[in-house]
Each structure stands twice: as structure tokens, then as C-alpha cells.
Amino acid sequence: MRILSIAALLVATPASAQTIDAAMADAIVKGCAAHARAKSQSHAIAVVDTGGQLVAAWRMDGNGFGSMEFSIEKARAVAAWGFPTSGMEEAVKGTPGFADAPHVVPVPGGIPVFSADGRTRLGGVGASGEAPADDAACAAAGIAAAGLKSERAR
């Protein structure tokens, strides 16, 4: 009976409410790129859904080899763990074995995406190509430009 209740909830909830869609991902990428251009920076930007599946990606001009793959890994790490990769940097230092867990990227630049009300995690954004703090700022700016949140509502 419990399985039927869970299935009914999933069917009743629109897919767009459960994860990030293409329009949201496009707005995030464009917002991040606008932020980067204003700072004369170049990032590789990846947006994934909660399952870590790539929804959108954009490599800005001047971005080096490997940056796109790194941005995707940052986004997937956030999708898997639900918190920024900057937090993974701290967790690796304080939690034995965490560095060896799957999808751990202990470098800032991966930021979770939450719904506009901050209650539902939709996916993750990864940015790479500049200093890690700049990558994180770019990802956060893209999320904000899309009208979404980068932190869960308290």
C-alpha cells in the first residue's frame, strides 16, 4: 500500500517541479555568462538535474582544455551530495574517507539549485576556468539570474 501512495505522489507532481528543466538551465547558463563577461572572465558552465544528467552546457571563448569536463563534474557532485563543492573541500579535511567517496569534488565552483521558494532541490551548476572563488560566484550569479535559489530555505 505504501508503494502505491509514493507512486501517486510522484504522478501527481509535475516533472518540472521535481527537477531543473531546459528553460531554467538556459537562463542559468546565460546569467553565469553575463556575470563572467562583466568581469572579463571565461568559464565552462554545466547545469545538471538531480540525477546528475546534463541539461545545459556552455564553454565560453578562451576557456582551456579540460574546463568543461571539470564543470560537469562539479555540477554532478552537487547533484549527488546536495551541498556546494566548497563544503566538500571542508568535509574532506574533517571526515576520514570522504575524499574517496563517489562524486566528491573538493574545489569551489559547484552550487546546488533550489526552486524560487528554496524548498525543492532541482539540480546543480558547475563552473570552471577561473579561480575557484570566481567559478562559484559565476554559478551563483547564474542561479540568481534565473530567479532560483542557491541555498535551501530555512
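Scroll up to find the structure this text is about.
What you see is a predicted model, and the numbers here were worked out from it, not measured in a lab.

Analysis parameters
- Residues numbered from 1 in each chain as written.
- Predicted model: local features only at pLDDT ≥ 70, side-chain atom pairs only at ≥ 80, totals over all residues.
- Heavy atoms only, no water.
- Helix = DSSP H or I, 4+ residues; strand = E, 2+ residues; numbered from the N terminus.
- Buried < 20%, exposed > 50% of the residue type's maximum accessible area, 1.4 Å probe, protein only.
- Contact = heavy atoms within 4.5 Å.
- Areas by Shrake-Rupley, 256 points an atom, 1.4 Å probe, with all protein chains shown as cover.
- Salt bridge = Lys/Arg side-chain N within 4 Å of Asp/Glu carboxyl O.
- Disulfide = S-S within 2.5 Å.
- Expected span 1.5 Å × (residues − 1).
- Arc of directions from axis to C-beta.
- Pairing = 2+ DSSP bridges.
- Axes fitted to C-alpha atoms, helices over the stretch in contact; angles between N-to-C directions.

This part is about the overall build of the protein. Each helix and strand in the protein was counted, giving six helices and four strands. Reading the helices (α) and strands (β) of the protein from amino to carboxyl end gives α-α-α-β-β-α-α-β-β-α. Every one of the 154 residues in the protein was classed for burial, and the buried ones make up 40%. Considering only contacts within the protein whose residues lie at least 6 apart along the sequence, 61% involve residues at least 24 apart. Put simply, the protein shows about 8000 Å² of open surface, and 58% of that area lies on carbon and sulfur atoms.

On to the pattern of salt bridges, then. Under the counting rule described, the total for this entry stands at four salt bridges. Residue Glu73 is joined to Arg76 by a salt bridge in which the shortest nitrogen-to-oxygen separation is 4.0 Å. In this pair, Glu73 and Arg76 both sit in helix H4 (residues 67-81), three residues apart, roughly one turn of the helix. On the basis of relative accessible area, Arg76 is assigned to the partly exposed category, the value being 28%.

Next up on the list: the state of the cysteines. What we call a disulfide is simply a covalent bond connecting the sulfur atoms of a pair of cysteines. Tallied over the full model, the rule gives one disulfide. There is a disulfide in this structure between Cys32 and Cys138, and the S-S distance comes to 1.8 Å. Between Cys32 and Cys138, the disulfide has an S-S torsion of 105° and is therefore right-handed. With Cys32 in helix H3 (residues 22-38) and Cys138 in helix H6 (residues 132-145), this residue pair connects regions lying 106 residues apart in the sequence.

Before going further, it helps to examine the environment of Cys138. By relative accessible area, Cys138 is classed as buried at 0%. Residues Cys138 and Ser42, 96 residues apart in the sequence, show an inter-C-alpha distance of 9.8 Å. When neighbours within four sequence positions are excluded, Cys138 is seen to be in contact with Cys32, His35, Ala36, His43 and Ala127.

The next point concerns H6. Note on helix geometry: an α-helix contains 3.6 residues per turn, so any two residues three or four positions apart are oriented the same way. Helix length check: H6, at 14 residues, gives a terminal C-alpha distance of 20 Å against a target of 20 Å (1.5 Å per residue), a fit within 8%. When H6 is considered as a whole, its buried residues turn out to be Asp135, Ala136, Cys138, Ala139, Gly142 and Ile143. Angularly, the buried residues of H6 cover 160° about the axis, an arc narrow enough to put them on a single face. The exposed set on the far side of H6, more than 90 degrees from its buried face, consists of Ala133, Ala144 and Ala145. At its buried positions, H6 is contacted by H3, H4, strand S3 (110-114) and strand S4 (121-128).

Further remarks concern the side chain of Asn63. Mapped onto the secondary structure, Asn63 falls in the loop between strand S2 (54-59) and H4. Accessibility expressed as a relative area gives 9% for Asn63, which makes it buried. Discounting chain neighbours no more than four positions away, the residues touching Asn63 are Ser42, His43, Ala44, Ser128 and Gly129.

With that out of the way, let us pick up the sheet that holds strand S1 (residues 44-49). If you walk across this open sheet you meet the four strands as S2-S1-S4-S3, and the pairing is antiparallel. Both outer strands of the open sheet, S2 and S3, are each paired with one neighbouring strand and no more. Averaged over all pairs of adjacent strands, the angle between strand axes in this sheet comes to 15°, irrespective of strand direction. Examined bridge by bridge, S1 and S4 share six bridges and lie antiparallel to one another. Bridging across to S4, Ala46 finds its partner in Gly126. Strands in contact with H3 are S1, S2, S3 and S4; relative to S2, the strand with the most contacts, it is inclined by about 25°.

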